[in-house]
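Residue strings, one per chain:
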Amino acid sequence: MFARVLIYFSAALLLLLPSPVTAADSVTLDFSEKGRIDLSTRLDIFIDDSSAYSLSDIIAQGDRKDLFISYQGTHPNLGILRVPVWVRFRLVNPGNVQNLFLTVNYPILDEVSLFRPETGGSYTELKAGEGASDPDVAFPYRRFVFALPVEPGSDNYYYMRIYSPLSAMTILLTLWQLEGFIGYERKILILYGLLFGAALFFFVHFIKIGIRLGEPAEFWFSIYLAAFTILIAIRSGFIQTAVGPLPVVIYNIVDLASISLVMFSGIKLLRVFLHTERLSVRTDRTLQVLQYLTFLIVPGTFGPLVFKVFIGLVLFLFAPVYSSYISFRSWLKGNKRAKYFVIGWVAANTAAIIDFLRIVGVIPWSGIMYFILPIACAWSLYFYTDAIIYRMGVYKTYSRKDSLTNLTNRYHFDRFLAKELSRNQRKATPLSLIMLDVDHFKALNDNHGHQYGDRCLIDIASALQKHGSRPGDLTARLGGEEFAVILSETGITGARHVAKRIQEEIRNMGIRRDDSYGTFVTVSMGIASIVPFQATNRHSLIKDADRALYYAKSTGRNRIQIFSEIT
């Protein structure tokens, strides 16, 4: 009803102009090099509120000035209508016979009938649409394609009746010569093939990554990508072509369900990727409510008008704007990985808002809308992939790092030590390992609290980083208050020298403890050094350095012990 009010209001404005247009201009068949004519801007439209008009009724009243509204120069975008719409256009052929093809470029319309004029003034009805069990199209294709032979010297009106109560009444008609149609579709199919191929590749790829790493973001990105691709495939007619004629309501439900899944998985992806529960509990709960409201899209289409308005305003206007704001907010708060996500997210949200406003008839159709969803999908695919790759890079970095001290963790320490043993073996050079332990660390934690203990570990880590910075060296936190320093191509004398410098560095820091164990924090160190040979493994070196450390702790602490000097 609202869409019809807009249409009639626009028509009333046209009547106020100095030269009102009561009928669209005729179309003279003079094809350009592209081999096509856009008929959408040359149409007359009549909204059949009574749903009772037949072609004979339309023809009988064809001279009425108020029956058809001219859409000269604009693409008819009437919103969602529950009644049939009649379309009229006039073709003039001054030349030879033209064997043309008429395409209806919005393939989710329910019922489409073309009334083609024949010799003698009669009309032949050709039926197509999602509900046509035996469509009278020129050939099965992703769009409705009608054969349109035009006799030489003819000047005829053509009529169409379109009924599509569950989808937008967007009327897009193109008249083609066969060569132009084939050339254009070849290019389009290549582009769609690349998009669908990329979507399939990344869907499988990120499903595998999500399972392997146990990361929900990769899984939800894959679901989002699959739903978005299904939506594009049904809007562009590929699914209809693959599946064939089905009952009227099925494809509309699939279209709505894919929209619902795109929004559900997209909001879930936003929540898990940006960890919105850490940003704000209230924000995360709001997003969660919006996420589950998407389940109402399909039933809401069949509900009362008030319910439809609520769903439309909340999910297709508020949700995209709010979620875009949250992603920007996360970016501004220093979440670097949000940068890529924001760029992809805003593109998808912008496309969603434009598509919704087009569906309800608020904004006019423009040529870019043919490709707005594929462009948004490709854009999102690129930047979401960038965001996930960036995050995986961060995870890879931090999988090697201790989160508290930023030193190497035990896992990477073991791998690095094995590699350096092999390298030093080939070069026949010594390798030394220093094991370090904070003296009476449990008492420090008990007396001053774990936060103070953590601060102590961070300070000690900073001291270690100053004395193990050569390419073959490595400083690591092995766990708790235990640290290690690998010194490649370094013998026992050099290792002892490094250990003394570390001990002096920590002493100069003056980390206070002020308890029965002393005024300042101290450390004990054990050193083992070998020249690797074929049978050498990291476990024996670690065991020797650990024994030296244990000896240092059991003989007074705050000292350095060489394994080879244990008696």
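Everything below is about the structure shown above.
Being a predicted model, the structure only gives us computed values, none of them experimental. (Residues numbered from 1 in each chain as written. Predicted model: local features only at pLDDT ≥ 70, side-chain atom pairs only at ≥ 80, totals over all residues. Heavy atoms only, no water.)

1. What to know about the sheet that holds strand β2 (residues 36-38)
Strand pairing in a sheet relies on backbone hydrogen bonds. The paired strands run either parallel or antiparallel.
At step 1: Taken together, 4 strands build an open sheet; the order of strands is β2-β13-β7-β10 and the sheet is antiparallel. Edge positions in the sheet fall to β2 and β10 (144-150), since each has one partner strand and no second. With strand direction ignored, the average angle separating the axes of adjacent strands in the sheet is 25°.
At step 2: As judged from the 3 bridges shared by β2 and strand β13 (residues 173-176), these two strands associate in the antiparallel manner. Bridge pairing links aspartate 38 to threonine 174 in β13. (Pairing = 2+ DSSP bridges. Helix = DSSP H or I, 4+ residues; strand = E, 2+ residues; numbered from the N terminus. Axes fitted to C-alpha atoms, helices over the stretch in contact; angles between N-to-C directions.)

2. Structural notes on the sheet that holds strand β16 (residues 482-488)
At step 1: Spatial ordering of the open sheet is given by β15-β16-β14-β19-β20, a layout of 5 strands whose pairing is mixed. Edge positions in the sheet fall to β15 (474-479) and β20 (560-562), since each has one partner strand and no second. The average angle at which neighbouring strand axes cross in this sheet is 20°, direction not considered.
At step 2: Both strand β14 (residues 431-438) and β16 contribute to a ladder of 7 bridges, which runs antiparallel. Paired with leucine 431 across the two strands is serine 488, which belongs to β16.
At step 3: Along the sheet, helix α15 (residues 450-465) contacts β14, β15, β16 and β19 (523-530); its crossing angle with β16, the most-contacted strand, is approximately 5°.
At step 4: Relative to the sheet, helix α17 (residues 538-554) contacts β14, β16, β19 and β20, its axis offset from that of β19 by approximately 145°. (Contact = heavy atoms within 4.5 Å.)

3. Focus: the layout of surface pockets
At step 1: Considered as a void within the structure, the second largest pocket measures approximately 510 Å³ in volume.
At step 2: Taken together, 30 residues form the lining of the second largest pocket, with Asn105, Leu172, Trp365, Tyr370 and Phe371 sitting closest to its centre.
At step 3: Where the lining of the second largest pocket is concerned, the elements lending two or more residues are β2, β13, α3 (178-213), α4 (216-235), α11 (338-359) and α12 (372-398).
At step 4: Residue classes in the lining of the second largest pocket are distributed as 16 nonpolar, 7 polar and 7 charged. (1 Å grid on protein atoms, 1.4 Å probe; cavity = no way out; pocket = protein on both sides within 12 Å on 5 of 7 lines; lining within 4 Å. Points joined across faces, edges and corners; volume = space filled by probe spheres on them. Nonpolar A, V, L, I, M, F, W, Y, C, P; charged D, E, K, R; others polar.)

4. Side note on the pairing of β19
At step 1: By the criterion of burial, β19 is predominantly enclosed, with 6 of the 8 residues buried.
At step 2: Sheet analysis places β14 next to β19, joined by 8 bridges and oriented antiparallel. Residue pairing across strands places valine 438 opposite valine 523, the latter belonging to β19.
At step 3: By the bridge criterion, 3 bridges tie β19 to β20 in an arrangement that is parallel. Each residue of the ladder has a partner; that of methionine 525, found in β20, is isoleucine 560. (Buried < 20%, exposed > 50% of the residue type's maximum accessible area, 1.4 Å probe, protein only.)

5. Quick notes on unusual backbone geometry
At step 1: Of note, the phi angle at asparagine 406 is positive, near 70°, even though the residue is not glycine.
At step 2: Among the structural elements, asparagine 406 can be located in the loop between α12 and α13 (410-427).
At step 3: Residue classification places asparagine 406 among the partly exposed positions, given a relative accessible area of 40%.
At step 4: Phi angles above zero are rare outside glycine, and arginine 557 is one such case at about 65°.
At step 5: Along the chain, arginine 557 falls in the loop between α17 and β20.

6. Digging into the pattern of salt bridges
At step 1: Taken as a whole, this structure holds 21 salt bridges when the rule is applied.
At step 2: Arginine 235 is paired through a salt bridge with aspartate 355; the nearest N and O atoms lie 3.0 Å apart. With arginine 235 in helix α4 and aspartate 355 in helix α11, the pair connects residues that are 120 residues apart, well separated along the chain.
At step 3: Arginine 235 gets classed as buried once you look at its relative accessible area, which sits at 12%.
At step 4: The class for aspartate 355 is buried, based on a relative accessible area of 11%.
At step 5: Notably, a salt bridge pairs glutamate 420 with arginine 423, separated by 2.8 Å at the nearest N-O pair. Placement of both glutamate 420 and arginine 423 in helix α13 is noted, with a separation of 3 residues, approximately one turn of the helix.
At step 6: Judged by its relative accessible area of 24%, arginine 423 falls in the partly exposed class.
At step 7: Bridged by salt links that share partners, the residues Arg235, Asp255, Asp355 and Arg358 form one connected network. (Salt bridge = Lys/Arg side-chain N within 4 Å of Asp/Glu carboxyl O.)

7. As for the environment of arginine 90
At step 1: Summarising the element assignment, arginine 90 is placed in strand β6 (residues 85-92).
At step 2: Put simply, arginine 90 and threonine 28 are 62 residues apart on the chain and 8.6 Å apart in space, counted from C-alpha to C-alpha.
At step 3: In terms of polar contacts, arginine 90 uses its side chain to reach the side chain of aspartate 155, at 2.8 Å. (Polar contact = N/O pair within 3.5 Å; in protein donor to acceptor, adjacent residues only side chain to side chain.)

8. Quick notes on the packing of helix α8 (residues 281-293) against helix α10 (residues 305-332)
At step 1: Contact pair α8 / α10: the axes reach a minimum separation of 11 Å and the direction vectors enclose 145°. Like other packed secondary-structure pairs, α8 and α10 cross with a definite hand, here left-handed. Facing Thr283, Thr286, Leu287, Leu290 and Leu293 of α8, the residues of α10 in contact are Val314, Leu315, Phe318, Ala319, Tyr322, Ser323, Ile326 and Arg329. (Left-handed = near helix turned anticlockwise from the far one by under 90°.)

9. Side note on the packing of aromatic side chains
At step 1: All told, the structure shown has 29 aromatic pairs when counted by the stated rule.
At step 2: Plain terms: the ring middles of tryptophan 86 and phenylalanine 115 are 5.6 Å apart, the flat faces sit at 20° to each other, and that makes the pair stacked. Here tryptophan 86, found in strand β6, pairs with phenylalanine 115, found in strand β8 (residues 111-117); they are 29 residues apart in sequence, far enough to count as distant.
At step 3: Take tryptophan 86: its relative accessible area is 1%, and that puts it in the buried class.
At step 4: With 5.1 Å between their ring centres and 85° between their planes, phenylalanine 201 and phenylalanine 202 make a pair best called edge-to-face.
At step 5: Classification of phenylalanine 202 by relative accessible area gives partly exposed; the value is 21%.
At step 6: Three or more aromatic residues joined by ring pairs make a cluster, and in this case those are Phe219, Trp220, Phe264, Tyr292 and Phe295.
At step 7: The ring of tyrosine 157 has arginine 88 sitting right over it, with the charged end atom 4.8 Å from the ring centre. (Phe/Tyr/Trp six-rings, centres within 6.5 Å; stacked < 30°, edge-to-face > 60°. Lys NZ or Arg CZ within 6 Å of the ring centre and 35° of its normal.)

10. A word on the nonpolar core
At step 1: Ranked by size, the top nonpolar core spans 51 residues in total, and within it Phe228 and Phe341 carry the most contacts.
At step 2: Looking at this core, the element that brings in the most residues is helix α6 (residues 248-274), giving 11 residues.
At step 3: Apart from residues lying up to four places away in sequence, phenylalanine 341 is in contact with Leu269, Leu270, Phe273, Leu274, Ser327, Tyr384 and Ala387.
At step 4: With 42 residues, the next largest nonpolar core counts Leu29, Leu43, Met160 and Ile359 among its residues. (Core = buried A, V, L, I, M, F, W, Y, C linked by side-chain atoms within 4.5 Å.)

11. Examining the pairing of strand β17 (residues 512-515)
At step 1: Covered by surrounding structure in β17 are Arg513 and Asp515 only, the residues Arg512 and Asp514 on the alternate face being uncovered.
At step 2: Inspection of the sheet shows β17 paired to strand β18 (residues 518-520) by 2 bridges, in the antiparallel sense. Across the sheet, arginine 512 pairs through a bridge with phenylalanine 520, a residue of β18.
At step 3: Between β17 and β18, which pair antiparallel and follow one another directly, the connecting turn spans 2 residues.

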